[in-house]
Amino acid sequence: AYFVDNREFKADSDGIGYRGSQDLDDKAVPPRTALWGTVVHGVAGDGWCRVGAYYLPMSLTGVRVLTPKEEVPSSLLPKLAGFARGDWEYICVDPQGVVTHLEPEEAESKATGQAVQAGELIRICERGMVG
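Residues numbered from 1 in each chain as written. Predicted model: local features only at pLDDT ≥ 70, side-chain atom pairs only at ≥ 80, totals over all residues. Heavy atoms only, no water.

J.: Would you mind showing me how to read the pattern of salt bridges here?
T.: Side chains that carry opposite charge are capable of pairing whenever their charged atoms lie near each other. A full pass over the atoms with the stated rule returns 2 salt bridges. Close ionic contact of Arg 7 with Asp 5 constitutes a salt bridge, the shortest N to O distance being 2.7 Å. Classification of Asp 5 by relative accessible area gives buried; the value is 4%. (Salt bridge = Lys/Arg side-chain N within 4 Å of Asp/Glu carboxyl O. Buried < 20%, exposed > 50% of the residue type's maximum accessible area, 1.4 Å probe, protein only.)

In structure tokens:
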């Protein structure tokens, strides 16, 4: 298992794009991204990590971007598979607003956090991918 690590690379992107082969120019179609702060499960070799049918580079421009999970402080690791820790800002665009969750949860459940109104800016410290 590898942590998708942006601590040293400091990219402004959402993560690393998957590749169809061990070639940076061979971007996966349709595009897929391993989000910064998530954990991927794959097999490393020759500077690449094979994740299912796709590949991720272990480093970009000489900077490691996939770090063995065991070498990462637990405070940086997501609590649930498919989630990432970080710092993101969003504007609520739902005209009816939303209610947040205090903790990430695997199953659909009753929202337990704060109500957010349309147009409000919120800061997220952990997010997950649905689907």
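J.: Teacher, can you tell me more about the environment of Val 99 here?
T.: With respect to the helices and strands, Val 99 occurs in strand S12 (residues 98-99). Through-space distance from the C-alpha of Val 99 to that of Val 116 is 5.9 Å; in sequence the pair is 17 residues apart. (Helix = DSSP H or I, 4+ residues; strand = E, 2+ residues; numbered from the N terminus.)

J.: Explain a nonpolar patch on the surface here, please?
T.: A cluster of nonpolar side chains, contributed by Ile 91, Val 93 and Leu 121, occupies part of the molecular surface with about 330 Å² of accessible area. As for its placement among the helices and strands, Val 93 is situated in the loop between strand S11 (83-91) and S12. (Patch = residues over 30% accessible without salt bridge, like charges linked within 9 Å, V, L, I, M, F, W, Y side chains within 5 Å. Areas by Shrake-Rupley, 256 points an atom, 1.4 Å probe, with all protein chains shown as cover.)

J.: Is there a simple way to think about the packing of aromatic side chains in this case?
T.: Each aromatic ring pair is summarised here by two numbers: the centre-to-centre distance and the angle between the ring planes. Inspection of every chain in the model, using the stated rule, returns 2 aromatic pairs. Ring centres of Phe 9 and Trp 36 lie 6.2 Å apart, and the angle between their planes is 45°; on these two criteria the pair is classed as tilted. Of the two residues, Phe 9 sits in the loop between strand S1 (2-4) and strand S2 (15-17) while Trp 36 sits in the loop between strand S3 (33-35) and strand S4 (39-40), which places them 27 residues apart along the sequence. The partly exposed category is assigned to Phe 9, whose relative accessible area is 27%. (Phe/Tyr/Trp six-rings, centres within 6.5 Å; stacked < 30°, edge-to-face > 60°.)

J.: When you look at the nonpolar core in this model, what are you seeing that I'm missing?
T.: When a protein is soluble and globular, its nonpolar side chains tend to lie buried together. Core analysis: the biggest nonpolar cluster contains 15 residues, and Val 4, Ile 16, Tyr 18, Val 40, Leu 56 and Leu 66 have the highest contact counts within it. When sequence neighbours within four positions are dropped, the list of residues in contact with Val 4 reads Ile 16, Ala 34, Leu 35, Trp 36, Gly 37, Thr 38, Val 40, Val 65 and Leu 66. (Core = buried A, V, L, I, M, F, W, Y, C linked by side-chain atoms within 4.5 Å. Contact = heavy atoms within 4.5 Å.)

J.: What is the right way to read unusual backbone geometry from this model?
T.: Glycine aside, residues mostly have negative phi angles, and peptide bonds mostly take the trans form. With omega at -5°, the peptide bond leading from Val 29 into Pro 30 counts as cis. With respect to the element layout, Pro 30 can be found in the loop between S2 and S3. In this structure, Asp 46 takes a positive phi of about 60° despite not being glycine. Locating Asp 46 in the fold gives a position in the loop between strand S5 (43-45) and strand S6 (48-51). Given a relative accessible area of 73%, Asp 46 falls into the exposed group. The backbone phi angle of Thr 61 is positive, close to 45°, even though this residue is not glycine. By the element assignment, Thr 61 lies in the loop between strand S8 (59-60) and strand S9 (63-64).

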